[in-house]
Amino acid sequence: MADQTHVLFVEDDDVIREATQLALERDGFAVTAMPDGLSGLEAFRTNRPDIALLDVMVPGLDGVSLCRRIRDESTVPVIMLSARADSIDVVLGLEAGADDYVTKPFDGAVLVARIRAVLRRFGHASGGDRGSEAEPAATGGILTFGDLEIDTEGMEVRRAGQTVALTPTEMRLLLEFSSAPGTVLSRDKLLERVWDYGWGGDTRVVDVHVQRLRQKIGQDRIETVRGFGYKLKA
């Protein structure tokens, strides 16, 4: 397991849990599968996985609450699994700190592709090999925007001199904005650059992450350009 990417999978449906675990293991992942949120939290704390897949509707501690507990302790990537694409559960999961979501029923190949896309953003290799490193999203020096400082080499952000804790996805999003201040970036472009989507994705993922980022760096720092996207105020 030490040489493999370790996935924590929390799902209460026995058939889905067992079938998905087998599919992921065939693709080279090491999987710890748990049937409820409380055992999932214990497994997370014991095993410290590289990524967590959390079904929204699990007993004991639901997936959204489990995501919040994980995010309180770690920036490990989290993908939520939801049975309803138009459900408020999707937004709740993203607001709780999830990096992405997949709608059930899902195709195994699609799930693996999304896992690998997230892992690439976080600097992990895919499947059994963890030897490669992700390319940095930006290089060079300190970028300053008002009271906001972005250290693109140390991957640190400070606001009014105070360190701002960002998840890797939030950091990559901020780096995209800071690489082109004043330039409007569409939601589709951000999905492609930050979430590594080579296909159409749900723009709610972008909207919720922008909202979370605003709460940390200042509500007025990122401007909404209606009908087009977002831009960082220079």
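Numbers given to residues run from 1 along each chain, matching the order in which its sequence is written. Restriction of local features to residues with pLDDT of at least 70 applies here, the model being predicted, together with a cutoff of 80 or more for giving and counting side-chain atom pairs; totals for whole chains, interfaces and linings are based on all residues. Hydrogens are left out, water is left out, and the side-chain values use all remaining heavy atoms of the structure.

Caption draft 1: A look at the packing of helix α4 (residues 88-95) against helix α8 (residues 204-217). At a minimum axis distance of 9 Å, the contact between α4 and α8 shows a crossing angle of 40°. The element α4 and its partner α8 pack so that their crossing is right-handed. The segment α4 lies against α8, with V90, V91, L94 and E95 engaging R204, V205, V208, H209, Q211 and R212. Of the residues belonging to the contact of α4 with α8, the class tally is five nonpolar, two polar and three charged. A fitted line through C-alpha atoms serves as each axis, taken over the contacting stretch for helices, and the angle formed by two N-to-C directions is quoted from 0 to 180°. Under the scheme used here, helices are H or I runs from DSSP no shorter than 4 residues and strands are E runs no shorter than 2 residues, and both carry numbers assigned from the N terminus. By convention the crossing between two helices is left-handed if the near helix lies anticlockwise of the far one by an angle smaller than a right angle, and right-handed if it lies clockwise. Contacts are residue-level and defined by heavy atoms, with any inter-residue pair within 4.5 Å sufficient. Each residue is assigned to one of three groups, with Ala, Val, Leu, Ile, Met, Phe, Trp, Tyr, Cys and Pro labelled nonpolar, Asp, Glu, Lys and Arg labelled charged, and all others, Gly among them, labelled polar.

Caption draft 2: View of the pairing of strand β10 (residues 222-225). In this scheme, strands are said to pair when DSSP sees at least two bridges between them. As paired elements, β10 and strand β11 (residues 229-232) share four bridges and run antiparallel to each other. Opposite I222, over in β11, you have L232 as the bridge partner. Between β10 and β11, which follow one another and run antiparallel, lie three residues, and G227 among them has a positive phi close to 85°.

Caption draft 3: Region of the structure containing α8. One less than the number of residues in a helix, times 1.5 Å, gives the span that helix is expected to have. With 14 residues, α8 should reach 20 Å at 1.5 Å per residue; the first-to-last C-alpha distance of 20 Å fits that figure. Throughout, exposure labels follow a simple rule: accessible area from a 1.4 Å probe, protein chains only, divided by the maximum for the residue type, with under 20% read as buried, over 50% as exposed, and the rest as partly exposed. Buried residues of α8: V205, V206, V208, H209, V210, R212, L213, R214 and I217, and no others. Just beyond α8, the residue with positive phi is G218, at close to 120°.

Caption draft 4: Local environment of the pattern of salt bridges. For salt bridges, the criterion is a side-chain nitrogen of Lys or Arg within 4 Å of an Asp or Glu carboxyl oxygen. Here the structure, examined in full by the defined rule, presents 17 salt bridges. With its nearest N and O atoms 3.9 Å apart, the salt bridge here joins D147 to R159. In this pair, D147 is assigned in the loop between β6 (142-145) and β7 (148-151) and R159 in strand β8 (residues 156-159), connecting sequence segments 12 residues apart. We note a salt bridge from E156 to R158, for which the minimum N-O separation is 3.4 Å. Bridged by salt links that share partners, the residues E11, D55 and K104 form one connected network.

Caption draft 5: α4, seen in detail. Here α4 has its buried residues at D89, V90, V91, G93 and L94. In this structure, the buried residues of α4 make contact with α3 (63-73), β4 (78-82), β5 (100-103) and α8. Note on α4: the residue one or two positions beyond its end, G97, has a positive phi of about 120°.

Caption draft 6: Up close: the environment of E170. For E170, the position within the fold is in helix α6 (residues 168-179). Each C-alpha atom, one on E170 and one on G97, is 9.9 Å from the other, the two residues being 73 residues apart in sequence. When sequence neighbours within four positions are dropped, the list of residues in contact with E170 reads A165, H209, R212, L213 and K216. Polar contacts here mean pairs of N or O atoms no more than 3.5 Å apart (in protein, one a potential hydrogen donor and the other a potential acceptor; neighbouring residues in sequence count only if both atoms are side-chain atoms). Among the polar contacts made by the side chain of E170, one reaches the main-chain amide nitrogen of T167 at a distance of 2.9 Å.

By themselves, these observations are geometric and do not establish any function.
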